[in-house]
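Residue-level listing of the chains:
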Amino acid sequence: RARIVLSLYKWGSEVDVTNSNNETPILLATRHYHMTTVRALRDECHANTMIWDTNGDTIMHYLANSGHNKEIIEFYRLGMPLNMPNFKGKQPVHIAVNHPDTIETLGKLGADIYALTKDGKTVFDLMREKYSNFRMKRFEVDDIEARIRKAIRSGDLKKIASKKLKYRPIEGGWSYES
């Protein structure tokens, strides 16, 4: 796919053209997790990464929705904002409600974990609603919130953001290797 995109670009195709949902090729590639194509569009075709679809969702929203932590860190390091709300007032951290590890990643990178949606809910409110029938998940939500608070208090956010991109999930959370 990336080779086809690069060939089209070399023949003069527009990389920031939009469809009826205001999605550009880079947004579509991100939504379908074709990261080689995303990187080719970003790095070689110089596609605009600061864009949003008709719902106001950005690349960071798409990555958070899919739980792709490594790519979230990659785009964050390239200057992609973590706290940009969509048109419903949901930031990427709210969109990541199905991926507790992604919420933790976003929180440790500095996302506003207490930001309110237009409905007045934090990500933890959304998670508690989602997992209201699952006792174990509710405890997990409390644990994630406590770990993020601890990272903020201890100043670990800068340490985490400066680590290399070797993401590895570990039991009870996540870690980065130096």
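J.: Now, about helix α7 (residues 100-109): what can you tell me, with residues and values included?
T.: Most of α7 is tucked away, with 9 of its 10 residues classed as buried. Every buried residue of α7 is accounted for by Pro100, Thr102, Ile103, Glu104, Thr105, Leu106, Gly107, Lys108 and Leu109. Looking one or two residues past α7, glycine 110 carries a phi angle of roughly 115°, positive in sign.

J.: An account of helix α4 (residues 59-66) is needed here, citing residue identities and associated values.
T.: In terms of residue burial, α4 counts as a mostly covered element, since 6 of its 8 residues are buried. Among all positions of α4, only Ile59, Met60, His61, Tyr62, Leu63 and Ala64 are buried. Buried residues belonging to α4 abut α2 (25-31), α3 (35-44), α5 (69-77), α6 (92-95) and α7.

J.: Go over the pattern of salt bridges with me, naming the residues and quoting the values.
T.: A full pass over the atoms with the stated rule returns 7 salt bridges. A salt bridge links glutamate 104 to lysine 108; the nearest nitrogen and oxygen atoms lie 3.1 Å apart. Here lysine 108 and glutamate 104 lie together in helix α7, a separation of 4 residues that amounts to about one turn. Each member of the pair, glutamate 104 as well as lysine 108, is classed as buried. Residues joined by salt bridges that share partners form a network here, namely Arg39, Arg42, Asp43, Glu71 and Glu74.

J.: Go over unusual backbone geometry with me, naming the residues and quoting the values.
T.: Residue tyrosine 33 is not a glycine yet carries a positive backbone phi of 55°. Structurally, tyrosine 33 is set in the loop between α2 and α3. Not every positive phi belongs to a glycine, and histidine 46 is a case in point at roughly 55°. Among the structural elements, histidine 46 can be located in the loop between α3 and α4.

The rules behind the values
- Residues numbered from 1 in each chain as written.
- Predicted model: local features only at pLDDT ≥ 70, side-chain atom pairs only at ≥ 80, totals over all residues.
- Heavy atoms only, no water.
- Buried < 20%, exposed > 50% of the residue type's maximum accessible area, 1.4 Å probe, protein only.
- Helix = DSSP H or I, 4+ residues; strand = E, 2+ residues; numbered from the N terminus.
- Contact = heavy atoms within 4.5 Å.
- Salt bridge = Lys/Arg side-chain N within 4 Å of Asp/Glu carboxyl O.

Function cannot be inferred from these measures alone, as they are strictly geometric.
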